[in-house]
Amino acid sequence: MSGCVLFLRRAAAARACRALVALTAGRRPLRTSPPSPSFAKELFLGKIEKCCFHVTENISEWEQELEEDFDPAVTHPPLTLDSRKIDREGRIPDDTLEKLKSLGLFGMQIPEEYGGLGLSNTMYARLGEIISLDGSITVTLAAHQAIGLKGILLVGNEEQKAKYLPRLASGEHIAAFCLTEPSSGSDAASIRTRATLSEDKKHYVLNGSKVWITNGGLASIFTVFAKTEVVDSDGSVKDKMTAFIVERDFGGVTNGKPEDKLGIRGSNSK
Ligand SMILES: Cc1cc2nc3c(=O)[nH]c(=O)nc-3n(C[C@H](O)[C@H](O)[C@H](O)COP(=O)(O)OP(=O)(O)OC[C@H]3O[C@@H](n4cnc5c(N)ncnc54)[C@H](O)[C@@H]3O)c2cc1C
């Protein structure tokens, strides 16, 4: 045992000596910078190291003001909610929906030229964090703009954007995203809804049914996924999926009863 201690002491002395020699030679033998945090390690330990996140996008002054306006700690918040009532009654009251619309919350990421708030992704996420005080409202707003109208925003042509976005931004029109079907959930490519070109080749006729569509009973604009026959590059005809903009006013759109849920009873799923 004592030999071992002695050995350790000798080893430590040798290390110290080597360090001294190195120092006098002008090198830095010791690591003096602070240890760099490991995000993955902390995650495994159940901790999120905020130091590892760097927000690179600048928040404009008015975005900052907007965020402060919605802070639940402010004395006169622009929106007061009775979440228990929303959950009990299974619907968001009309005056609350109107308030959400007047605050511009149906067009958070729609560019200002189309009447939206034109928020950045960062600001959308920050505002979303504050609005998420009520689950039903979060789901309603998210289904409208994070999926319902997103296709028009991302890949719509100029005519489609000009036609649909202003009324979606104001909330006059509510959007829904229609992918899921009674026999198709995670395996989205197995949808059976079919779109066929009319005889005069001027429009498509859609046939099929969708389930679990958030805002399904409220929406007037739907992004509907359907299979169409597409001629492939090798000349063969294949079934491929296409997203269609469907207006309720086109006719032929019917709804079943709203689904009941837990916790987000005030959001509308049909
Ligand atoms: C509140 C709510 C709102 C919704 N809103 C919308 C909406 O707005 N628009 C819309 O289109 N849909 C909506 N949906 C539907 C939702 O997108 C589907 O529920 C989802 O895609 C899963 O499909 P499913 O329920 O048929 O489950 P399934 O696909 O049948 O999956 C059941 C289980 O099997 C697992 N599983 C499936 N496939 C595999 C696999 N290959 N390997 C291993 N495990 C697998 C799944 O993880 C899951 O746990 C909503 C659903 C809910 C509950």
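Residues numbered from 1 in each chain as written. Predicted model: local features only at pLDDT ≥ 70, side-chain atom pairs only at ≥ 80, totals over all residues. Heavy atoms only, no water.

Looking at an unreviewed UniProt entry, one finds the protein named Acyl-CoA dehydrogenase family member 9, mitochondrial and attributed to Sciurus carolinensis. If you open the UniProt record of the protein and go to Sequence similarities (unreviewed entry), you find "Belongs to the acyl-CoA dehydrogenase family." (UniProt positions renumbered as here; feature names shortened; annotations may be inferred.)

Scanning the protein for helices and strands turns up 9 helices and 5 strands. Its helices and strands in sequence order give the protein the pattern α-α-α-α-α-α-α-α-α-β-β-β-β-β, from N to C terminus. A burial count over the protein gives 33% of its 270 residues as buried. When contacts within the protein are restricted to residue pairs at least 6 apart in sequence, long-range pairs at least 24 apart make up 60% of them. Of the roughly 17600 Å² that the protein leaves accessible, carbon and sulfur atoms contribute 55%. (Helix = DSSP H or I, 4+ residues; strand = E, 2+ residues; numbered from the N terminus. Buried < 20%, exposed > 50% of the residue type's maximum accessible area, 1.4 Å probe, protein only. Contact = heavy atoms within 4.5 Å. Areas by Shrake-Rupley, 256 points an atom, 1.4 Å probe, with all protein chains shown as cover.)

A separate point is the site of the ligand. Lining the immediate environment of the ligand, one finds I147, F177, L179, T180, G185, S186, W212, I213, T214, K261 and I264. Within the backbone of F177, an N or O atom sits 2.8 Å from a nitrogen atom of the ligand. Here the ligand, which alone exposes 980 Å², has 39% of that area covered by the protein. In the shell around the ligand, the residues fall into 6 nonpolar, 4 polar and 1 charged. (Near = heavy atom within 4 Å. Polar contact = N/O pair within 3.5 Å; in protein donor to acceptor, adjacent residues only side chain to side chain. Nonpolar A, V, L, I, M, F, W, Y, C, P; charged D, E, K, R; others polar.)

What follows concerns the pattern of salt bridges. It is possible for side chains of opposite charge to pair when their charged atoms get near one another. Considering all chains together, one arrives at 9 salt bridges under this definition. Of the charged contacts, one joins K85 and E89 as a salt bridge, the two residues approaching to 4.0 Å between their closest N and O atoms. A residue pair is termed a helical-turn pair when its members lie 3 or 4 positions apart in one helix, as K85 and E89 do in helix α4 (residues 83-89) at 4 residues. Here K85 falls in the partly exposed class, since its relative accessible area comes to 31%. (Salt bridge = Lys/Arg side-chain N within 4 Å of Asp/Glu carboxyl O.)

What follows is about the pairing of strand β2 (residues 194-197). Summarising the sheet, β2 and strand β3 (residues 204-207) pair through 4 bridges and their orientation is antiparallel. Bridge assignment links L197 to a residue of β3, and that residue is Y204. Here β2 folds back onto β3, and the loop between the two strands holds 6 residues, one of which, K201, carries a positive phi near 60°. (Pairing = 2+ DSSP bridges.)

A cluster of nonpolar residues, F39, L43 and I48, forms a patch on the protein surface that exposes about 270 Å² of accessible area. For I48, the location among the structural elements is in the loop between α2 (39-44) and α3 (61-70). (Patch = residues over 30% accessible without salt bridge, like charges linked within 9 Å, V, L, I, M, F, W, Y side chains within 5 Å.)

In this section: a negative patch on the surface. A cluster of acidic residues, E61, E65, E68 and D69, forms a negative patch on the protein surface. By the secondary structure assignment, E68 is in helix α3. Assessed through its relative accessible area of 44%, E68 is described here as partly exposed. (Lys, Arg positive; Asp, Glu negative; His and termini not counted. Charge placed at Lys NZ, Arg CZ, Asp CG, Glu CD.)

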